[in-house]
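Fold and geometry: a report
Chain by chain, the residues run as shown.
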Amino acid sequence: MLIIVPPSESKRPPPVSGRPVDLEELSFPELTTMRTRILDALITTSARPDAFRRLQVRPTKAAEVARNTRLRELPARPASDVYSGPLHEGLDAGGLSTGARQHAEQSVVVASPLWGLLRLSDRIPSYRLHVCAQLIGMDRLEPTWRRLLPKVLATAAGPDGLILDLRSPVYQAIGIPVGRGDQTITLRVDQASVGRRIGDVVAKRIRGQAAHLLLESAAEPKEPDVLADILAERWPVRLEAPARSGKPWTLTLTADD
């Protein structure tokens, strides 16, 4: 099973000291060349007068933009310790049991507009980069990564493993596993009382909690209904088959009020 999670806009501040990122040490070495291009472009863009516009951030994020200019020198730490948004809070990688943590290292990938794909143990600095940013000397990041990530994701999933994609459509735009739609499941979260979408922060946290539960179960489901049964131990679920061949399944969790 492969669990694809997004990065988070919010990240923990870098530690005071430590080794900087080493691109050669990151997982998925076939992405190193593109990572290098994007990293250098982000550093250059962040030093420009129009950095806020290009990075699509407000001036209140000036400290984070300035920090981008030092990404090659900043102390790095595991990706699981960098991302601090609600989905990653729900995933709670640090709170996984030893066995589940080992499972997560093999099963979870973070799909990032800067790094492409990461394992949770890959050491990176804290950074600021939205998928829709306009970097100096680069095309749009979505099509740039779509030329590489679909095949890498399919290989990471293996020939017959399920894929649970916890990303929003914005982050799915950088690449979905090629030729694996029938084995891919996207996760939605509804509110119990009225069946409508709940707040985005709560929905992200629940998606992370769903990944945590799956990892602790140590299961390797091969069919969507088996995965749905595991999550049904915690939430009411509804599994919908694809509208046509090659499209993903949709699994809806009903959250408590």
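In the block above lies the structure referred to throughout.
Computed from a predicted model, the values in this text were never measured in an experiment.

Definitions and limits used
- Residues numbered from 1 in each chain as written.
- Predicted model: local features only at pLDDT ≥ 70, side-chain atom pairs only at ≥ 80, totals over all residues.
- Heavy atoms only, no water.
- Pairing = 2+ DSSP bridges.
- Helix = DSSP H or I, 4+ residues; strand = E, 2+ residues; numbered from the N terminus.
- Axes fitted to C-alpha atoms, helices over the stretch in contact; angles between N-to-C directions.
- Patch = residues over 30% accessible without salt bridge, like charges linked within 9 Å, V, L, I, M, F, W, Y side chains within 5 Å.
- Areas by Shrake-Rupley, 256 points an atom, 1.4 Å probe, with all protein chains shown as cover.
- Salt bridge = Lys/Arg side-chain N within 4 Å of Asp/Glu carboxyl O.
- Lys, Arg positive; Asp, Glu negative; His and termini not counted.
- Charge placed at Lys NZ, Arg CZ, Asp CG, Glu CD.
- Phe/Tyr/Trp six-rings, centres within 6.5 Å; stacked < 30°, edge-to-face > 60°.
- Buried < 20%, exposed > 50% of the residue type's maximum accessible area, 1.4 Å probe, protein only.

**Examining the sheet that holds strand β8 (residues 237–240)**
- Within the open sheet, the seven strands sit side by side as β4-β3-β1-β6-β7-β9-β8. Their pairing is mixed. Edge positions in the open sheet fall to β4 (116–118) and β8, since each of these has one partner strand only. Shown here is a sheet whose adjacent strand axes are inclined to one another by a mean of 25°, direction ignored.
- Two strands pair when backbone bridges link them, and strand β7 (residues 184–191) and strand β9 (residues 249–255) are joined in this way by seven bridges, in the parallel orientation.

**Things to note about a negative patch on the surface**
- Taken together, the side chains of Glu223, Asp225, Asp229 and Glu233 make up a negatively charged region of the molecular surface.
- Here aspartate 225 is to be found in helix α11 (residues 224–231).

**Re the packing of aromatic side chains**
- Per the counting criterion, the structure on display carries two aromatic pairs.
- Seen from their ring centres, tyrosine 83 and tyrosine 127 are 6.3 Å apart, and the 90° between their planes marks the pair as edge-to-face. Residue tyrosine 83 is located in the loop between α4 (79–82) and α5 (86–91), and its partner tyrosine 127 is located in the loop between β5 (123–124) and α7 (141–146); the two are separated by 44 residues in the primary sequence.
- Residue tyrosine 83 is classed as buried on the basis of its relative accessible area, which comes to 1%.
- For tyrosine 127, a relative accessible area of 1% corresponds to the buried category.

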